[in-house]
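Chain residues, written in single-letter form:
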Amino acid sequence: MASSTEENYLKSLYNLANAEGEVNLSELAASLQVSMPTANSMVKSLQKSGWVMYEKYKPLTLTKEGKKIAALIIRKHRLTEMFLVKVMNFGWEEVHEVAEQIEHIHAPKFFERMDQMLGFPTVDPHGSPIPDPQGKITPLSYTPLSHAKPGQNVQLAALTNSSTEFLEFLNSRNLSLGTQLSILSKESYDQTMVVSYAHHPSETLSEKVCERLLVRVLD
């Protein structure tokens, strides 16, 4: 059984992995805010446990078992976030830190019951897919709002960034998952977009914001 620190390393490796499943040690250390020697020491320990493939001066990769452990940690985190929002009425901007602690609980029946109470959700409150009980993730295919064109109607489906600051920004604009938006115009110079939705007949969104909003096109 992995310790909470080991789990954090595995989860970071999973989230940081590129298309080839590789992560640089420096990138891992920066993500976890630890020194390179500290990260190197932990990676060697994870290698001994059979969870990471490590060779000096080469990128790190998770083993099959390491990937499964990481995915199941993410599953617990995202189920917890959904439970906090749907059952306990937390705001979607409030749940990350709580879920960071609960994800390290080793009690399968607890999370099975949570999943059952929620009706077996497939995504978390931010639209990210929830791994299944075997650690498999079904990728979701959405388009960044920044790629939408004037005249299109879209629905907000997920986020690429769920920081507290960004979620609070979305709250201030009454934007949430499921919101339908009409693209009114797009500035060619800086890609600023003007959209309308609900009680907002004209709302201006920067390119940075639009890149972080994932949508499904409705027409």
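Now for a quick tour of the structure. The residue numbering used here restarts from 1 in each chain and proceeds along that chain's sequence as written. It should be noted that, the model being predicted, local features are given only for residues of pLDDT at least 70 and side-chain atom pairs only at 80 or more, the latter also being counted only at that level, while totals for whole chains, interfaces and linings use all residues. Based on all heavy atoms of the structure, the side-chain values leave hydrogens and waters out of the count.

A few points about the overall build of the protein chain
Inference 1: Elements are defined by DSSP. Helices are runs of H or I of four residues or more, strands are runs of E of two residues or more, and each kind is numbered from the N terminus. When its secondary structure is counted, the protein chain shows 8 helices and 9 strands.
Inference 2: Projected onto the principal axes, the alpha-carbon positions of the protein chain cover approximately 60 × 40 × 25 Å.
Inference 3: Accessible area is worked out with a 1.4 Å probe on protein chains only. A residue is then buried under 20% of its type maximum, exposed over 50%, and partly exposed in between. When the 219 residues of the protein chain are sorted by exposure, 42% land in the buried category.
Inference 4: Of the side-chain charges in the protein chain, 21 are positive and 25 negative, and the distance between the mean point of each set is 7 Å. All tallies of charge rest on Lys and Arg as positive and Asp and Glu as negative; His and the ends of each chain are not included. The location of each charge is read from NZ of Lys, CZ of Arg, CG of Asp or CD of Glu.

Quick word on the sheet that holds strand E2 (residues 52–53)
Inference 1: When DSSP finds two or more bridges between a pair of strands, those strands are recorded as paired. What the 3 strands build is an open sheet, ordered E1-E3-E2; its pairing is antiparallel. Strand pairing shows two members of the sheet lacking a second neighbour, strand E1 (22–23) and E2, which therefore form its edges.
Inference 2: Of the strand pairs in this sheet, E1 and strand E3 (residues 60–62) are connected by 2 bridges, and their pairing is antiparallel. Bridging from a neighbouring strand, Glu22 pairs with Thr61 of E3.

A closer look at the pattern of salt bridges
Inference 1: Any Lys or Arg side-chain nitrogen located within 4 Å of an Asp or Glu carboxyl oxygen qualifies as a salt bridge. Under the counting rule described, the total for this entry stands at 6 salt bridges.
Inference 2: Here Glu55 ties to Lys58 by a salt bridge, and the two come within 3.5 Å at their closest N and O atoms.
Inference 3: Assessed through its relative accessible area of 49%, Lys58 is described here as partly exposed.
Inference 4: Taking the shortest distance from any N to any O, the salt bridge between Asp124 and Arg78 comes out at 3.9 Å. Taken together, the residues span a long stretch of sequence, with Asp124 in the loop between helix H6 (108–118) and strand E4 (143–144) and Arg78 in helix H4 (residues 64–86) at a distance of 46 residues. Take Asp124 and Arg78: they sit in the same class, and that class is buried.
Inference 5: A single network of salt bridges, built from pairs that share partners, joins Lys11, Glu100 and Glu103.

Quick word on the packing of helix H2 (residues 25–32) against helix H3 (residues 36–48)
Inference 1: Across the interface, H2 lies against H3 with an axial gap of 9 Å and an inter-helix angle of 105°. Here H2 lies roughly perpendicular to H3, going by the angle between them. In this structure, H2 contributes Leu25, Ser26, Leu28 and Ala29 to the contact, and H3 contributes Met36, Ala39, Asn40 and Val43.
Inference 2: All amino acids are sorted into three groups, where Ala, Val, Leu, Ile, Met, Phe, Trp, Tyr, Cys and Pro are nonpolar, Asp, Glu, Lys and Arg are charged, and the leftover types, Gly among them, are polar. A class-by-class count of the residues in the contact of H2 with H3 yields 6 nonpolar, 2 polar and no charged. All axes here are fitted lines through C-alpha atoms, helices being fitted over the stretch that makes contact, and every angle between N-to-C directions spans 0 to 180 degrees. An angle below 35 degrees is read as roughly parallel, one above 145 as roughly antiparallel, one from 65 to 115 as roughly perpendicular, and any other as oblique. We call two residues in contact whenever any of their non-hydrogen atoms come within 4.5 Å of each other.

Quick notes on helix H7 (residues 164–172)
Inference 1: Those residues of H7 not exposed but buried are Phe166, Leu167 and Leu170. Across the axial projection of H7, the buried residues extend over an arc of 100°, all falling on one side.
Inference 2: Summarising the contacts, the buried residues of H7 are in contact with strand E5 (153–159), helix H8 (207–212) and strand E9 (213–217).
Inference 3: A positive phi of about 55° marks Asn174, the residue just after H7. This arc is taken over the directions from the axis of the helix to the C-beta atoms.

Re the environment of Leu184
Inference 1: The residue Leu184 is located in strand E6 (residues 180–186) in this model.
Inference 2: The exposure class of Leu184 is partly exposed, given its relative accessible area of 45%.
Inference 3: Separated by 145 residues in the primary sequence, Leu184 and Ala39 place their C-alpha atoms 48 Å from one another.
Inference 4: Look past the residues within four positions of Leu184 in its chain and what remains in contact with it is Pro150, Val194, Val195, Ser196 and Pro201.

Quick word on H4
Inference 1: Over its 23 residues, H4 runs 33 Å from end to end, which matches the ideal 33 Å to within 8%, given 1.5 Å per residue.
Inference 2: For H4, the tally of buried residues reaches 17 of 23 residues, placing the bulk of the element in the interior. Between the first and last residue of a helix there are one fewer steps than residues, each counted as 1.5 Å, and that sum is the expected span.

Re the pairing of strand E8 (residues 200–205)
Inference 1: Bridging between strand E7 (residues 193–197) and E8 involves 4 bridges; their strand directions are antiparallel. Within E8, the position partnered with Val194 by the bridge is Thr204.

Looking at the packing of aromatic side chains
Inference 1: Centre distance within 6.5 Å is the pairing criterion for rings of Phe, Tyr and Trp, where only the six-membered ring of Trp is used; planes under 30 degrees apart are then read as stacked, over 60 as edge-to-face, and the remainder as tilted. This model, assessed by the stated rule, comprises 2 aromatic pairs.
Inference 2: Ring centres 5.0 Å apart and planes at 90° place the aromatic pair Phe110 and Phe111 in the edge-to-face group.
Inference 3: For Phe110, a relative accessible area of 41% translates into the label partly exposed.
Inference 4: Exposure remark for Phe111: the relative accessible area of 5% places this residue in the buried category.

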